[in-house]
Amino acid sequence: MTTTAAPVTKAVGASHVRVEGRDKVTGVARYSGEVPFADLAHGWLVLSTVARGRVRSVESEPVLAMPGVLAVLHHGNAMPVDADFVMPHLNVKPDPAVALFQSDRVAHVGWPVALVVAETSEQAREAAESLVVHYEQEPHDIAFSADRSDAHPVAGLGGPGLTEKGDMEAELAASTAVVDEEYTTPQEHHNPLEPHATTARWDGGRLEVVDSNQGSVLIADLLAKLFSLDQASVRVRTETVGGGFGSKGAIGVHQVAAVMAATLVQRPVRVVLTRRQMFSLNGYRSRTIQRLRLGADVDGRLRALDHRALSMTSTGYEYVEAASSISRVMYDADAHRTANEVVRLDVPSPQFLRAPGEASGAFALESALDELAEKCGIDPIELRVRNEPDRGPVSGYPFSSRNLVDCFREGARRFGWADRDPRPAIRGDGRWLLGTGTAASSYNVVAAPSTCAVTAEADGTFTVRIAASDIGTGARTAITQLAADALHVAPDQVRVQIGDSDFGPAAPSGASMGTRSWAWAIKAAAEELLKRLHPGATIPPEGVMVRSDTTAAVVALAQQEPKERHTFGAQFAEVAVDPATGEVRVRRMLGVFAAGQIVNPLTARSQFIGGMIWGISMALHEEATLDPATGGLVGADLAGYHFAANADVPAIEAYWVDDPDPDDPVGIKGIGEVGNVGAAAAIANAVWHATGVRHRHLPIRPDRVLTVGAPSA
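Quick summary incoming for the structure in this document. (Residues numbered from 1 in each chain as written. Predicted model: local features only at pLDDT ≥ 70, side-chain atom pairs only at ≥ 80, totals over all residues. Heavy atoms only, no water.)

1. Notes on the overall build of the chain
Phase 1 of the analysis: Looking only at helices and strands, one finds 18 helices and 27 strands in the chain.
Phase 2 of the analysis: By the compact-globule yardstick of 27 Å for 713 residues, the chain fits well, its C-alpha radius of gyration being 26 Å.
Phase 3 of the analysis: Dimensions along the principal axes, computed over C-alpha positions, put the chain at roughly 75 × 75 × 50 Å.
Phase 4 of the analysis: A burial count over the chain gives 60% of its 713 residues as buried.
Phase 5 of the analysis: Taking contacts inside the chain between residues at least 6 apart in sequence as the whole, the part at least 24 apart equals 82%.
Phase 6 of the analysis: As presented, the chain carries roughly 26,600 Å² of accessible surface, and 52% of it is formed by carbon and sulfur atoms.
Phase 7 of the analysis: For the chain, the centre of its 65 positive side-chain charges and the centre of its 86 negative side-chain charges are spaced 2 Å apart. (Helix = DSSP H or I, 4+ residues; strand = E, 2+ residues; numbered from the N terminus. Rg over C-alpha atoms; globule rule 2.2 N^0.38 Å. Buried < 20%, exposed > 50% of the residue type's maximum accessible area, 1.4 Å probe, protein only. Contact = heavy atoms within 4.5 Å. Areas by Shrake-Rupley, 256 points an atom, 1.4 Å probe, with all protein chains shown as cover. Lys, Arg positive; Asp, Glu negative; His and termini not counted. Charge placed at Lys NZ, Arg CZ, Asp CG, Glu CD.)

2. Looking at the pattern of salt bridges
Phase 1 of the analysis: For the coordinates displayed, the defined rule picks out 63 salt bridges.
Phase 2 of the analysis: Across the pair Arg 54 and Asp 104 runs a salt bridge, and its minimum N-O distance is 2.8 Å. With Arg 54 in strand 2 (residues 53–59) and Asp 104 in the loop between strand 3 (69–74) and strand 4 (105–106), the pair connects residues that are 50 residues apart, well separated along the chain.
Phase 3 of the analysis: The partner of Arg 413 in a salt bridge is Glu 410, with the nearest N and O atoms 2.7 Å apart. Separated by 3 residues within a single helix, Arg 413 and Glu 410 lie in helix 11 (residues 404–415), roughly one turn from each other.
Phase 4 of the analysis: Each of Arg 30, Arg 201, Asp 203, Glu 208, Arg 237 and Glu 239 takes part in salt bridges that share partners, so that together they form one network. (Salt bridge = Lys/Arg side-chain N within 4 Å of Asp/Glu carboxyl O.)

3. Some words on the sheet that holds strand 4
Phase 1 of the analysis: With antiparallel pairing, the 3 strands of this open sheet are ordered in space as 4-2-6. Edge positions in the sheet fall to strand 4 and strand 6 (132–137), since each of these pairs with one other strand and no more.
Phase 2 of the analysis: Sheet analysis places strand 2 next to strand 4, joined by 2 bridges and oriented antiparallel. Opposite Gly 53, over in strand 4, you have Val 106 as the bridge partner. (Pairing = 2+ DSSP bridges.)

As structure tokens, then:
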């Protein structure tokens, strides 16, 4: 074929239906638990029923005699693994739980103690439920409180454990208005619609894994390290993912179990977690206790900001829910202190959950700002505008762009904020008290080195291969649009293949970095390919392929003048509260965001709205409760763990403002997290406006509304 050039309408910035939409709604798309394999066996995990202690014995012989059972793996017979390595994307060692069956120690309720492998999943489950395990039980500690003497600062992805400047006590004493309150958020769980599922098999000396994850290259790399394999001998494929939210972003017990079992029985083995197992094996958002101390002048200018966030972690994995980190970005003060602390307990390890740190931190910070606005007699939006920093409050770096004020102004116009009476508990609608609230949101902008291969095919189309992961966000569609524009062709001339570690290193789908990182690699490969395909060039039958690697470009950007790079947003909510029953209903929500270049308005709006729906869940419903007696969760299933359903979701609107960054190579910031950040705070602030009563502890359940009291309508 001979190449020709033709003008094409720009794809990026235009709404485009999902390229995989038809496959999903017709059932053609295959999730990891549905990919067929010949001679497939099934593994079922057995989890500890005690919170701390040792496994004394595993009575496997009766189970091995059951129909279809092939093997029982436990600490007495499992193959060795090496978990003594640092995960490069997190700079921490993996959760000790992935050192599967390497010890008789039990670290928490739901700790994996055995795996039953059988011909069918039904046989595996029956045998697993029949397996008798004897324990030597020890006293456990799950007591989480603000006065724990063993709490200590921990650095994480949110930065150092502690930052401070200025004389905090002096500035608080000199302030006209002071807020000093404690806010708490509960343990929350991911619960993606698709359970975690892995199938492992050996093929000609090479390990092949079909898995539901947020980064196939990442999982392949970690499996290679864990089993001491050459990286080239591990391949991880991910066809379709039904949600992740952070829980599929790191190596998990089910993946290790599948590889162990496949190695032992020498046939493909599939391990699919139950919903109950997911509550203890795949992380969660840790509980937090946060103390906010704010001091301001009479005009509302902050003199003091002190944000201490305490979260819980497991005894073997020091994960920190960096809730105070959002205060390092949002507002400055003469005295500024933030602390992210943890306490180690006999609980499963927490993990990243959508907007980790920022969502829980924004609830506390933005609630405290609302309380300060009330004390100062200043409109909540105006207070935030008066405290807009021009540089990073902690870093001192300039912002690459910061259009938060534009978000508030546009949101206020669309929401009708100017008509709001600031006095609380005066608006009513029959038995309901009505109120409105707002909050700011932000999330860090990052990029990771990625590779991409683009092939010009002889039939005039292009094939893009990149180890991206579409976890339900529309990544395939965004990649198609980005590639079409980079190649100056229409989207229907582009075929996209993703989710295969053999395609080479690429950023995982997490931390809002996916599309931004992949766009660099796609753009670089396309530009180099077009140089080769000069007008009149002939494409051979095998096509012409170019591979890019953005490692140098990402490093070069990091070496430029340091800047604070973030998305921002303003969220608004109207609620109705029934003072007789304590019921809280969100009537409408609106969010306006500054998030760089929006690739696909259709899927972007979906992401923003989904984040705000999660905010409704966070504010009013989600809460996992530990039983002090057993150390385990109460109601670890979707019957006992409440979240927003269709009836809870009102009319929700999402918009965005122009947010250019002239120094950014692609202009994309990422939107997966920011929609979730300020939503719960906006709802909580609206509940205060409706009732005149401040709720500082999530979720705002009916019993809490009735306990703290609300005036009659």
